[in-house]
Structure formats: structure tokens, C-alpha cells
Amino acid sequence: MMLRMRPIIIAANWKMNTGPSDAAELALEIARRTREPEVVRVICPPFVCLAPVAAALAGEGVGIGAQNVHHELAGAFTGEVSAAMLAGLADWVILGHSERRRDAGETDALIGAKLRRAIASGLRPILCVGEQLADRDAGRAEDVVAAQVEGALAGIDTAVLAGSGLVVAYEPVWAIGTGRTARGADAAAMAERIRSTIDAAGHAGIAADVPVLYGGSVTSGSIAEFLAEPTIDGALVGGASLKPDEMAAIVGRAGLTARARRDAGPRDGPSAT
Ligand code: PGA
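Treat the numbers as computed from the prediction; the structure is a model and nothing was measured. (Residues numbered from 1 in each chain as written. Predicted model: local features only at pLDDT ≥ 70, side-chain atom pairs only at ≥ 80, totals over all residues. Heavy atoms only, no water.)

K.L.:
When you look at the pairing of strand β4 (residues 63–66) in this model, what are you seeing that I'm missing?
P.N.:
Regular strands place side chains that alternate from one sheet face to the opposite one. Both faces of β4 are covered, namely the face carrying Gly63 and Gly65 and the face carrying Ile64 and Ala66. As defined by bridge partners, strand β3 (residues 39–44) adjoins β4 across two bridges and the pair is classed as parallel. By the bridge assignment for β4, Val42 is matched with Gly63. Considered for its hand, the β-α-β crossover made up of β3, helix α2 (residues 50–56) and β4 is right-handed. As defined by bridge partners, β4 adjoins strand β5 (residues 92–95) across two bridges and the pair is classed as parallel. Each bridged residue has a counterpart across the sheet, and for Gly65 the counterpart in β5 is Trp92. (Buried < 20%, exposed > 50% of the residue type's maximum accessible area, 1.4 Å probe, protein only. Helix = DSSP H or I, 4+ residues; strand = E, 2+ residues; numbered from the N terminus. Pairing = 2+ DSSP bridges. Right-handed = clockwise from strand over helix to strand, strands pointing away.)

Okay, structure coming up:
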């Protein structure tokens, strides 16, 4: 048995906002206003902004993520970006965001292929899952999300997964960009279900170590409700992540949680390492 703690992570998903000329300045302002040593910060700008953002954030201790990656390494895939192309530009990648499931028709099987490619390429994956409003209303939200997790992880070796630093972001589709958030208790229950699904998929040694983030209309006003839940380890922030004031407040709140959890001591449990 080993004692361990999950990190607190605040990841910014800038979506299709900012351009090469303004992204670096925004990233640097956010980095400077969110210096919380105990919070893992990640900024995910559009592909074309990765290079200027990476240059601007050199030495700032902020992770940089892509918002997607292709599952093949090279070839006749017009308009796509491979993991190899991200080398030196990004160390994280968002996979399976609901906007890509919706607009690019990404399936769990394809997201699983991207996940395997990301891991093989040394990119730390943030796997997004979440139910539609109709699923929640019908009482099947947890089953839908569990199926998404199972589908994406199918066929992945436990040792590979354990070394991947996998993060799962629970983002109810009805909460994304709507100003409406899940209830903290529902998100916490979903985080438990996500970990029990990882366990049940044969990866019992690692589930307790997988950070689960909440995403969907997170702001400085709503972050506390999610971080109050011990099963939630941070947030994937969209709209509010473009606002330095909001990011400063969100990461500041996350710093309080990180220190409180550190002071409360690590959990006891089997270690993946
Ligand atoms: P939102 O987006 O915070 O604007 O709702 C979150 C996300 O889609 O990751």
C-alpha cells in the first residue's frame, strides 16, 4: 500500500477563440495571475496559437494542450494534425470533447484510437465524457458516461494507461456554454462512477489515481461547489478561461483546495506505481 494524492488541475479550453497575434499575450497574463504552485495549470489554445503560446509561457510552469489530435501519425488526412506535429508545442491533449463528438462525428472507438495515439506519443490526455440533457432526465446519465469511458478505454493495456497520466473531464453536454451547471453532488457521483468504470474495465490499480475534472459553465462563482467534492480534482473551463480575472479567481480557489487536501493528508490505497 502506498499513500498518494491526486493533483488539482485547472485546464483552459479556448476552443476556436484567439489567434496567433493575441493568444501569447493572453496566455502570459493568465499565467502571471494564476501562480499557484500547488495547482496544475494547462492552457489549450487553437492549433495555430500553440507555437506563440509555447514561446510566451516558457519557464512559467503552465502546461500547454492541443484541443484534438489525429489517430494516425501521418498521411493523406487533409486538414488534420498529428501527434508528431505537436512535439515541442503541446504536452497535453483534449480528446472526445462533446463539440467534436457533435460536429466531427467522433465516436467512442475513434476517441479510443486517438487516446492510444496520444499516450504512445507522450501527450497527456484529458478525455471528455458527458451525457445529453435527455439522458439525465431519463435517469441514464451515469450509464451513458460509463459507456463512453468503457468505449474509449477498450483494448488499452493497464500498464500503458497507468503511465499515461490520464485525466477524465466530466462535462454534461447541457452545461457546456449554457450558463447552467451540474450540481456538485451529481458531478461527484459521476466521478465515482467514472472511477468504478475504469476499475471494472480491468484497470483496478489505477482508477483511484485518475484525476476527474468537472466542466460545463465553470466560473469563479461556481468553481467552489465542485472543488468542495473530494472526488472532483479540478475543472476544464471554456468561456471563463478567456478572462484573466475569472482564471485568477478560479485558480486561486483551486489553490485553497489543494492546500486543504494536502493538509488533510493523502488517501490510503493501492498504488499504481
Ligand atoms: P464552458 O465550456 O465552460 O464554456 O461551458 C467548457 C468546455 O466545453 O470544456
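We are not done yet, so read on.
K.L.:
Teacher, can you tell me more about the packing of aromatic side chains here?
P.N.:
Two numbers describe a pair of aromatic rings. These are the distance of the centres and the angle of the planes. By the definition in use, this model includes two aromatic pairs. Geometrically, the ring pair formed by Tyr170 and Tyr214 is edge-to-face, given 6.3 Å between the ring centres and 65° between the ring planes. Of this pair, Tyr170 sits in strand β7 (residues 167–170) while Tyr214 is found in strand β8 (residues 212–215), placing the two residues 44 residues apart along the sequence. Per residue, the accessibility class of Tyr170 equals that of Tyr214, and both read buried. For the ring pair Tyr214 and Phe226, a centre distance of 3.9 Å and an interplane angle of 5° mean the geometry is stacked. (Phe/Tyr/Trp six-rings, centres within 6.5 Å; stacked < 30°, edge-to-face > 60°.)

K.L.:
I keep staring at helix α1 (residues 23–33) and nothing clicks. Help me out?
P.N.:
Every α-helix winds through 3.6 residues per turn, so residues three or four apart in the chain are directed the same way. Residues of α1 that are buried include every one of Ala23, Ala24, Leu26, Ala27, Leu28, Ile30 and Ala31, and no others. The inward-facing, buried residues of α1 contact β3, α2 and α10 (244–264). (Contact = heavy atoms within 4.5 Å.)

K.L.:
Before we go on, may I ask you to explain the site of the ligand in this structure?
P.N.:
Neighbouring the ligand are 13 residues, the closest being Lys15, His97, Glu171, Gly177 and Ser217. Within the side chain of Asn13, one N or O atom sits 3.5 Å away from an oxygen atom of the ligand. One nitrogen or oxygen atom from the main chain of Gly238 is found 2.9 Å from an oxygen atom belonging to the ligand. Surface burial for the ligand is 95%, taken as the share of its 290 Å² of free accessible area covered by protein chains. Residue classes in the shell around the ligand are distributed as four nonpolar, seven polar and two charged. (Near = heavy atom within 4 Å. Polar contact = N/O pair within 3.5 Å; in protein donor to acceptor, adjacent residues only side chain to side chain. Areas by Shrake-Rupley, 256 points an atom, 1.4 Å probe, with all protein chains shown as cover. Nonpolar A, V, L, I, M, F, W, Y, C, P; charged D, E, K, R; others polar.)

K.L.:
Whenever I open this one, the pairing of β3 confuses me. Can you help?
P.N.:
Most of β3 is tucked away: five of the six residues are buried. Here six bridges tie strand β2 (residues 8–13) to β3, and the two strands are oriented parallel to one another. By the bridge assignment for β3, Ala12 is matched with Ile43.

K.L.:
How do you make sense of the packing of α1 against α10 when you look at a structure like this?
P.N.:
Each pair of packed helices can be described by the angle between their axes along with the distance between the axes. Packing of α1 against α10 brings their axes to within 9 Å, and their N-to-C directions diverge by 30°. The pairing of α1 with α10 is recorded here as roughly parallel in orientation. As for the relative orientation of α1 and α10, their crossing is right-handed in sense. Along the contact surface, α1 presents Leu26, Glu29, Ile30 and Arg33, while α10 presents Pro244, Asp245, Met247 and Ala248. When the residues that make up the contact of α1 with α10 are grouped by side-chain class, the tally is five nonpolar, no polar and three charged. (Axes fitted to C-alpha atoms, helices over the stretch in contact; angles between N-to-C directions. Parallel < 35°, antiparallel > 145°, perpendicular 65-115°, else oblique. Left-handed = near helix turned anticlockwise from the far one by under 90°.)

K.L.:
For this particular structure, what's the right way to read the confidence of the model for the protein?
P.N.:
Caution applies to low-pLDDT parts of the model: their predicted coordinates are not meant to be read in detail. With 96% of its residues at a pLDDT of at least 70, the protein reaches an overall mean of 95. Per-residue pLDDT stays below 50 along residues 269–273; that stretch engages in 15 contacts with residues further than four places along the chain or on separate chains. (pLDDT = per-residue confidence, 0-100.)

K.L.:
Mind showing me how you'd approach unusual backbone geometry here?
P.N.:
Most peptide bonds adopt trans geometry, and most residues besides glycine take a negative phi value. One non-glycine residue with positive phi stands out, namely Lys15, at about 55°. Take Lys15: it is sitting in the loop between β2 and α1.

K.L.:
Would you take a moment to explain the nonpolar core for this structure?
P.N.:
Judged by nonpolar contacts, the single largest core of 70 residues is most densely connected at Ile10, Trp14, Leu57, Ile194, Ile198 and Tyr214. Of all the elements, α1 adds the most residues to this core, at six residues. Sequence-distant contacts of Leu57, defined by excluding residues within four places in its chain, comprise Ala27, Leu28, Ala31, Ile43, Val62 and Ile64. Membership of the second largest hydrophobic core comes to 12 residues, among which are Ala11, Trp92, Val167 and Ala169. (Core = buried A, V, L, I, M, F, W, Y, C linked by side-chain atoms within 4.5 Å.)

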